[in-house]
Amino acid sequence: MRIGVFICHCGSNIAGTVDVVAVAQAAAKFPEVAYATDTMYACSEPGQEAIVQAVKEHQLDGVVVASCTPRMHEPTFRRTVERAGINRYFFEMANIREHVSWIGKNAERNTVKAIELVRMAVEKLRRNRPLIPKRFDVVKRVLVIGGGVAGIQAALDCADGGQEVVLVEREQSIGGKMAKLDKTFPTIDCSSCVLGPKMVDVGQHPKITLHTLAEIESVSGYVGNFQVTIRKKARFVDWSKCTGCGLCMEKCPSRKAPDPFNEGLCTAPSINIPFPQAIPKKAAINPDTCIMKQKGKCGLCAKICPVKCIDFDQQDELVTVDVGAIVVATGYDLFDWHKYPQYGQGRYPDVITSLQYERLLSASGPTGGHIKRPSDGKEPKTVVFIQCVGSRDRSVDRPYCSGFCCMYTAKQAILTKDHIPDSQSYVFYMDIRSPGKGYDEFTRRAMEEYGAQYVRGRVSMIYPKGDQLVVRGADTLAGTQVEVAADLVVLAVGAEAARGAVTLGEKLRVVPDQYGFFVESHPKLKPVETNTAGVFLAGACQGPKDIPASVGQGSAAAAKVLALLSKDQLESDPQVSRVTPARCVGCGKCVQTCPFGAIKLVEDRFGNPKAEVVETVCQGCGICTVTCPQGAIQLEHFTDNQILAEVNALCPPRIRVNYAS
Amino acid sequence: MRIVDLATADQDFIAEVEARSHQNLRTCYQCGNCTAGCPYTFVYDHSVSQVMRLIQLGQREVVLQCKSIWLCASCQSCTTRCPNRIDVAKVMDVCRHMAREQGYATEREVKLFTDAFLRSVERHGRAFELGLMADYVLHSGRVFTDVDLAPKALARRKLAFRPHAIVGRDQIERIFQRFRKGGAHV
Amino acid sequence: MSKVAYYPGCSGQSTSLEYDRSTRAVCAAVGLELVDVPDWSCCGSSPAHTVNHVLSAALSARNLDLAHSLGVDVLATPCPSCLTNLRNAAVEMEDEGFRGQVNALLDRPYVGRVDPQSVLQVLVEQVGVDEVARRVTRPLTGLRVACYYGCIMNRPPERMRFDDHENPMAMDRLMEAAGAEVALFPLKVECCGASFGVPRGDIVARLSGKLLDAARGLGVDAIVTACPLCQMNLDLRQGQINAALHEHFRIPVFYYTQLLGLALDVPRSELGLDRLCVDPRLALGKIKAPAPVR
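Residue indices follow the written sequence of each chain, beginning from 1 at its first position. To read the labels, note that chains go from A and ligands from 1, taken in the order they are written. At least 70 in pLDDT is required for a residue's local features to be given in this predicted model, at least 80 for side-chain atom pairs to be given and counted, and no such filter applies to totals for whole chains, interfaces and linings, which use all residues. Note: side-chain values were computed over all heavy atoms of the structure, leaving out hydrogens and water.

### Things to note about the state of the cysteines
For step 1, the next point in the chain: Count a disulfide wherever a pair of cysteine sulfur atoms falls within 2.5 Å. Summed over all chains, the structure comprises 1 disulfide over all chains.
For step 2, the next point in the chain: Here Cys190(A) pairs with Cys193(A) through a disulfide, and the sulfurs are 2.4 Å apart. Negative torsions about the S-S bond denote left-handed disulfides, and the value of about 80° found for Cys190(A) with Cys193(A) makes this one right-handed.
For step 3, the next point in the chain: For the exposure calls, accessible area comes from a 1.4 Å probe over protein chains only, and a residue counts as buried if that area is under 20% of its type's maximum, exposed if over 50%, partly exposed in between. For Cys190(A), a relative accessible area of 23% puts it in the partly exposed group.
For step 4, the next point in the chain: Counting only cysteine sulfurs, Cys191(C) is the nearest neighbor of Cys151(C), a cysteine outside any disulfide, at a range of 3.9 Å.
For step 5, the next point in the chain: For Cys151(C), a relative accessible area of 10% puts it in the buried group.
For step 6, the next point in the chain: Of all cysteine sulfurs in the structure, the one in Cys227(C) sits closest to Cys230(C), which takes part in no disulfide; the separation is 3.5 Å.
For step 7, the next point in the chain: We classify Cys230(C) as buried; its relative accessible area is 5%.

Structure, rendered in C-alpha cells:
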C-alpha cells in the first residue's frame, strides 16, 4: 500500500500546542507511508485539493488525515479521497484536536500523543478493505407526529412539495396550543385568524391524510423504510358520516366535565366538538363521562343524530403505514403550578394560568371575550401577572428559561388595558427576555403606552383578603417588599416536555434530554435532525419555542424531508455486521441480542441454521460481534484485526510479552 | 450613597460565610423571593436579598454592621421559598454569629435579651423568665419593659417566682465554660 | 402504640403551663403514653442558635441523650421552638465533624438516634385523626376557629418533614374531629414576631396584629395555636397590640390541646382555660350543648 498522511494545523487550534511538522516527519517513517506532510486547513478547498494532487502525484491508495473529530469532517474527507479515485473506506482520521491540542498544554507530550494516534490510524488503514454501499428504495411518504403549528407547517410544506403526508394528532382537533391563544405577539394579530386557514388547508389538502384522536403505537424500520402503526382511539362516532352539525352537543345531558379546550374554565358536554374552527369538525364521545358508556343507559345523542353516526360499540383501530421519513412535532405542556403551594394550590379560584387567561380574552372563549374572573364573574380592575412560574427554578427541577413567557405576559398586559381601560396591570418579573425582532419594543410599549407596572422580583405568597388576593412580592430595584391587592392573578406558567414525550422517544429511538425535550443532532448545524436518520424535529418538542420559531422549524424539517425523499434510492452504510457462515453454528445469540432486529436465522443448503444480517437494517453497533461465541460475526470497517492493529500500534506486543513474563 | 469598589471585594469574608453556612452563595440570582416573603423587611435597613448581594460583593463591614441580621427571627420563609434552595436563614444566622464575634451589635436590645436569656439558662439549666427579665432590665436600663403585662401574667400564675432547679445544672454550666474556652464569647 | 419521650420545654413550666397540662391530659385521654425526660434542661431556644450552632446543638443534645437513655425512638415536644432546636441538633449531628464539636462541649457524648417530633405530629401520625374523632364525646359544635401553626412547625420542609409547609392541615383536621368549624386561615405559617416581644415590642404588634386582623376578617370565634410563643404574643400581648395599633381585638387564643381536651371531656381543671388572658367564655358559649342521647 502507498499511504499519504496529512497533519492539519487547524490554524493555531492544533499547531499551537502540537509540533505538526514533527508529527509529519515521524509519520513518514511508518510502514507503507509513501508521503507525509503538514497542511494549514485540511478541510478547506486548497487543503482538499492538495490531498487530491498528492494522491495523483504519489500514486497513493490510502489517506490518513490527522485533524479534528470524525463527527465533523469524516464525510468531507471521504468525499475528497473518492474524488481522487480511492474507495472512501481507504480513509482514516486521527483526532488530534479534541483528543490532544484542546485538552493538553504541554507541546512536547501533545506531539508524542499525536504521533501515536497517527500510528494507530496508519496501522488500521493498512488492514482496511474497500466497501461498497448497497442501494435501496425510498418510501415516498412522510409521517408528521403532532398537529400544532409546527406540525401543520411541516405537513403543508411537505405536501406542497409533492409528498404524501400522514399527520397524526393526539387530540380531537389539530391546532395545538396556538388554537387556544387569543392574540399573538408582537403584532397582536388574531391567533385563530392566522392559524385557521392553515388548519383548513391541512383538512382539504389532497396529499394529507389526517388521523386525530390517534397516537403512535409502534415504529420499526429505518430511514426511507419505516413501518408505523397508529392507534386511532375509539371516538364512538362514525366520522365518515358525522357532519359536525352539533345537535348532539346541545342535547347531551352529561355536561359537568371540565372543558379541556377552555382549560377547565367551563364545562363541556360528553359528546363534543372542541371549538367552532376544529379540524376535523367532528363530534367525539368522552367515555369517562358519557352516561351511556358509564351506566349503559341514555343514548340521547344516538336518538337525535340526523345521520345516525353514533356508535357506542366502536373500538380502537390500528392503522399501519409505510413512510420514508418522520417529523416529530409533539410540542409542549404547561408546568403544573400546583407545585408552588405558596400560590394557593387551587384554593383561590382567581389565581389562573396564562393559558386560562387567553381563553378569557378570546372571543370564542367561555366568557365571549369579556374578562370575568372565575370566582364571581366580576371584571377585574387590578390584574397581577407573575412570571417564571416553573421557569428558572431549580427547586422545582425547572432551571431553564421557557423563553416565551415574557412576551406573552407583555401581550396579556396590553390586552388587559385594551379590554378594561380603567384597569391596572402589575407584572412581577426576574429579567425581561425579549430578543426577537420587534420584541423588546413590544415589552416597552406594554410599560410606556399601556402603563403596565413592571416590578422586578418574585412573588413569595398570595393570600385572600376580602374578595381580593394580596400578592406579596419584592421589588429588588427598590430593595424592598411590595404588596398589591389584586382582583385576578395570572401565573405565567412555563413550558415543559409534552406528556408522553419520553415514551414516544423510545419508539422513535430519539433521545430526550433530562427534562424530556428531544435532543437535536447538532445544536447549531443540525437543529432539526436527530441522531436517528430520517427522523426530524420541529417546534417545542425540542425545547420551548414561540410561534415564529416553531413555524420556522416546521419548514426546516420539511426541507430536510423533501431533500431526503427527492432521491428514489438511498445508500445503506456498508459499515455493518457480516457473518462468516463457515464459523456460524446457528446458536441464535446474535438474533436475540440485536436491538434493531437486523439478524435472522436462515438455513444453508445443507439445512443448517445460519445467522444472516439484513444490511439495510443493521446500524453497525457491534453488539452481535462481541456476543458471538464463535467469533463468526465481524463488523465491517471495525474488524477484530483492525482494532487489534490499533491496540498493537499503541502498546507494541513486546511490552505485553514483558508483562506476561 | 456608598460607592462599592468591586475590585476590593473581601474574598475571605465571602469564603467564611459560605464555609460556616455550608451554602453556595453564587447560586443566588437576586430574584428577591426571600425579601418578598420576609415578615421583618419593614424593620430592616437592608432587605434579605440585599444582604445576600452584599455578601456576594464581599462587603464585610456593611453586612456585619447592618441591623437586619439582628432582626431576623429565623422564621424560615426565605429558606423555604428560595428557588435555588439556599438556606438563607442560616446565612443570616451565620452573619449574626460573625457580627457578635467581631463585637458588632447594631440592635443592642436584641443582643442584650439574648445574653440575658443564655445567662439564665447557664445559671439555672432552664430559662427562668422573671430572672431573665430582671437581668435584661438591669442591662438595658429599659425599666418599663412589659410592666403592663406583669399583673395579667401574675394573676394567671404564668410566671414562677423561683427558678426550677435541675439536678444537672452544673452540666449546663460546663457546656458554656467549654464553649468559652474554645475562644467564644457569650 | 409505642411510648414516646416527652420534653415539655421551659415555657411549659411557666407562661404556657396550661399547654403542658392540657397536652398531658389529651395524650392520656387518647391512650398515648408520654414518658418525661428526666432532669431535662433548656434546648437553647432561639437565643442559642443566634449565637452559635455548636453551643445550640450541645444544649439540645444533652436532652436527646437523656431521651435516648429512656430507650425510645421518638422525643415529643409541644413547643415548635424546642422542636426546631432539638431536630436541628439531631439532624446536624449526623455529620461526624459537627458531632465531634458538639460532643466536645458535653459531659457525656450523645451517640443516639432519637427523632424529635412535635406532639401534634405524634397525635396525627401515631394516634390518628380518626381515632381522636372516635373518642370525642363533647363535640365543639357551633365553635368557629382559625388554626395558626406559626412559622417553624413545618419549615423548612426538608428539615421538619411534617405536613404541608404552606398550608398545614394537622390542627385543622384535629379541630374538625373535635367538632369545631374550621375557617381556612390564609396566614397559617406567617411569623407572629417570635421572641422580639421583649426587645422590640413594635415588631410583635405589627406582625401579630396582622394575624389578628386576618382572623377577625374570617369572623372566627377564636384562634387555635400550637406554639407557646405565638400564643403569648397573640393572647398576653393582645392588649399591647390594641394600644399600638389603635385596635379593639378581642379574640381568644387557645392551645389546640385545650379545645381537644374539652371535646374529649377531660376535666376542666387540667385544661387551664382560666389562664388565658383574652376571656374565652364568649367563644366557649358558642358551643352548642350536645343533643340528648336517644
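### A short note on the sheet that holds strand β3 (residues 62-67) of chain A
All names here are of chain A.
For step 1, the next point in the chain: Sheet architecture is open: 4 strands sit in the order β2-β1-β3-β4, paired in parallel fashion. Since the sheet does not close on itself, it has two edges, and those belong to β2 (33-39) and β4 (91-95), each with one partner. On average, each strand axis in the sheet is inclined to that of its neighbour by 15°, with strand direction left out of account.
For step 2, the next point in the chain: Each of β1 (3-8), β2, β3 and β4 is contacted by helix α5 (residues 107-125), which is oriented at about 165° to β4, the strand it contacts most. Between any two strands, pairing holds if DSSP finds at least two bridges. Only DSSP runs of H or I reaching four residues or more are called helices, and only runs of E reaching two or more are called strands; each is numbered from the N terminus. Every axis in this analysis is a line fitted to C-alpha atoms, fitted for helices over the stretch in contact. Angles between the N-to-C directions lie between 0 and 180 degrees. A contact between two residues is defined here by any heavy atoms of the two lying within 4.5 Å.

### Here we look at the packing of helix α1 (residues 11-21) of chain B against helix α7 (residues 88-101) of chain B
All names here are of chain B.
For step 1, the next point in the chain: Closest axis-to-axis distance for the α1/α7 pair is 9 Å, and the angle between their directions is 120°. Overall, the two elements α1 and α7 adopt an arrangement that is oblique. Note on packing geometry: the crossing formed by α1 with α7 is right-handed. Mapping the contact onto sequence places Phe 13, Glu 16, Val 17, Arg 20 and Ser 21 in α1 and Lys 90, Val 91, Val 94, His 97, Met 98 and Glu 101 in α7.
For step 2, the next point in the chain: Three categories are distinguished: nonpolar for Ala, Val, Leu, Ile, Met, Phe, Trp, Tyr, Cys and Pro, charged for Asp, Glu, Lys and Arg, and polar for the others, with Gly belonging to the last. Looking at the contact of α1 with α7 residue by residue, the class counts come to 5 nonpolar, 2 polar and 4 charged. Here the angle decides the label: under 35 degrees means roughly parallel, over 145 means roughly antiparallel, 65 to 115 means roughly perpendicular, and every other value means oblique. In a left-handed crossing the near helix is turned counterclockwise from the far helix by less than a right angle, and in a right-handed crossing that turn is clockwise.

### A closer look at the interface of chain A and chain B
For step 1, the next point in the chain: On the chain B side, the residues contacting the 19 residues of chain A number 20 residues.
For step 2, the next point in the chain: A 1.4 Å probe defines the accessible area here, and the buried area is the portion of it lost by two parts on being joined, summed over both. It is Arg394(A), Ser460(A) and Gln481(A) that lose the most area in chain A upon contact with chain B, and together they represent 33% of the buried surface on that side.
For step 3, the next point in the chain: In the analysis that follows, any N or O atom pair within 3.5 Å is treated as a polar contact, provided that within protein one partner can donate a hydrogen and the other can accept it, and provided that, for residues neighboring in sequence, both atoms belong to side chains. Applying the counting criterion to the chain A and chain B interface returns 14 residue pairs in polar contact (both at pLDDT 80 or more).
For step 4, the next point in the chain: Of all the secondary structure elements, the ones that give two or more residues to the side of chain A that touches chain B are β24 (459-465), β25 (468-475) and β26 (480-486) of chain A.
For step 5, the next point in the chain: Tallied by class, the residues present in the side of chain A that touches chain B amount to 4 nonpolar, 9 polar and 6 charged.

### Topic: the domain arrangement of chain B
For step 1, the next point in the chain: Residue ranges assigned to each domain were obtained from an automatic or database domain assignment. Domain parsing of chain B yields domain 1 (6-101) and domain 2 (108-181).
For step 2, the next point in the chain: Here the C-alpha centre of domain 2 of chain B lies 29 Å away from the C-alpha centre of domain 1 of chain B.

### A short note on the interface of chain B and chain C
For step 1, the next point in the chain: In this assembly, 60 residues from chain B lie in contact with 59 residues from chain C.
For step 2, the next point in the chain: Of the roughly 5200 Å² buried where chain B meets chain C, counting both sides, 60% is carbon and sulfur surface.
For step 3, the next point in the chain: A carboxyl oxygen of Asp or Glu within 4 Å of a side-chain nitrogen of Lys or Arg is what we treat as a salt bridge. Where chain B touches chain C, the interface holds 8 salt bridges.
For step 4, the next point in the chain: Residue Glu166(C) pairs with Arg81(B) through a salt bridge whose shortest N-O separation is 2.7 Å.
For step 5, the next point in the chain: Linking chain B to chain C there are 26 residue pairs in polar contact (both at pLDDT 80 or more).
For step 6, the next point in the chain: Put simply, the parts of the chain that give the side of chain B that touches chain C at least two residues each are α5 (68-71), α6 (77-81), α7, α8 (108-124), α9 (129-140), α10 (150-155) and α11 (169-181) of chain B.
For step 7, the next point in the chain: Among the residues forming the side of chain B that touches chain C, the class breakdown is 29 nonpolar, 13 polar and 18 charged.

### Quick look at the domain arrangement of chain A
How big an interface is tends to be stated in terms of accessible area lost as the parts join.
Residues and elements named next belong to chain A.
For step 1, the next point in the chain: Split by domain assignment, chain A resolves into domain 1 (3-125), domain 2 (142-230 + 318-331 + 500-565), domain 3 (247-304), domain 4 (333-496) and domain 5 (577-636).
For step 2, the next point in the chain: Computed over C-alpha atoms only, the centres of domain 3 and domain 4 are separated by 32 Å.
For step 3, the next point in the chain: With 5 residues of domain 3 at the interface, the matching set in domain 4 holds 8 residues.
For step 4, the next point in the chain: Taken over both partners, the interface formed by domain 3 and domain 4 buries close to 650 Å², and the fraction arising from carbon and sulfur atoms is 68%.
For step 5, the next point in the chain: On the domain 3 side of the interface with domain 4, the three residues burying the most area are Asn 262, Glu 263 and Leu 265, jointly 74% of the side's total.
For step 6, the next point in the chain: The interface formed by domain 3 and domain 4 contains 0 salt bridges.
For step 7, the next point in the chain: At the surface where domain 3 touches domain 4, the tally comes to 2 residue pairs in polar contact (both at pLDDT 80 or more).

### A word on the environment of Cys192(C)
Residues and elements named next belong to chain C.
For step 1, the next point in the chain: When you line up the elements, Cys 192 lands in the loop between β6 (181-183) and α10 (201-218).
For step 2, the next point in the chain: Each C-alpha atom of the pair Cys 192 and Gly 150 lies 7.0 Å from the other, and the pair is 42 residues apart in sequence.
For step 3, the next point in the chain: Beyond its immediate chain neighbours, meaning those up to four positions away, Cys 192 contacts Tyr 148, Val 204, Leu 207, Ser 208, Leu 211, Cys 230 and Asn 233.

### Re unusual backbone geometry
For step 1, the next point in the chain: Residue Phe185(A) is joined to Pro186(A) through a cis peptide bond whose omega torsion reads -10°.
For step 2, the next point in the chain: Within the secondary structure, Pro186(A) is located in the loop between β8 (183-184) and β9 (189-190).
For step 3, the next point in the chain: The linkage connecting Arg155(C) with the following residue, Pro156(C), adopts the cis geometry, with an omega of -10°.
For step 4, the next point in the chain: Positionally, Pro156(C) belongs in the loop between β5 (144-148) and α8 (157-160).

### Focus on a nonpolar patch on the surface
For step 1, the next point in the chain: Together, Phe638(A), Ile643(A), Leu644(A) and Val647(A) line one region of the surface with nonpolar side chains, adding up to about 330 Å² of accessible area.
For step 2, the next point in the chain: Topologically, Leu644(A) is positioned in helix α18 (residues 640-650). Exposure above 30% relative accessible area and the lack of any salt bridge qualify a residue for a patch; like charges then connect within 9 Å, and the nonpolar side chains Val, Leu, Ile, Met, Phe, Trp and Tyr within 5 Å. We get accessible surface area from the Shrake-Rupley algorithm with a probe of 1.4 Å; when it comes to residues, only the shown protein chains can shield them.

### Considerations on the pairing of strand β21 (residues 382-389) of chain A
Successive residues of a regular strand alternate their side chains across the two faces of the sheet.
Residues and elements named next belong to chain A.
For step 1, the next point in the chain: The element β21 is extensively covered by neighbouring structure, given that 8 of its 8 residues are classed as buried.
For step 2, the next point in the chain: In this sheet, strand β22 (residues 424-429) lies alongside β21 in parallel orientation, the contact comprising 5 bridges. Within β22, the residue paired with Ile 386 across the bridge is Phe 428.
For step 3, the next point in the chain: With the strands pointing away from the viewer, any crossover whose connection runs clockwise from the first strand over the helix to the second is right-handed. With helix α12 (residues 405-419) bridging β21 and its parallel neighbour β22, the resulting β-α-β unit is right-handed.
For step 4, the next point in the chain: The pairing of β21 with strand β27 (residues 488-493) spans 5 bridges and is classified as parallel.

### Thoughts on α11(B)
For step 1, the next point in the chain: The span one expects for a helix is its residue count, reduced by one, times 1.5 Å. The terminal C-alpha atoms of α11(B), which comprises 13 residues, lie 19 Å apart, in line with the 18 Å expected from a rise of 1.5 Å per residue.
For step 2, the next point in the chain: Listing the buried residues of α11(B) in full gives Ile172(B), Ile175(B), Phe176(B) and Phe179(B). When α11(B) is viewed along its axis, its buried side chains cluster within an angular range of 90° and face the same direction.
For step 3, the next point in the chain: Contact partners of the buried residues in α11(B): α8 of chain B together with α3 (53-68) of chain C. To be clear, the arc concerns the directions from the helix axis to the C-beta atoms.

### Examining the sheet that holds strand β8 (residues 253-255) of chain C
Residues and elements named next belong to chain C.
For step 1, the next point in the chain: Within the open sheet, the 4 strands sit side by side as β6-β5-β7-β8. Their pairing is parallel. Looking at strand neighbours, the two that pair on one side only are β6 and β8, the edges of this open sheet. Geometrically, the sheet is characterised by an average inter-axis angle of 40° between neighbouring strands, direction not taken into account.
For step 2, the next point in the chain: Sheet topology note: the strand β7 (residues 222-225)/β8 ladder contains 3 bridges and is parallel. Counted as the bridge partner of Thr 225 is Tyr 255 from β8.
For step 3, the next point in the chain: Against the sheet, helix α11 (residues 228-236) engages β5, β7 and β8, with an angle of about 160° to β8.

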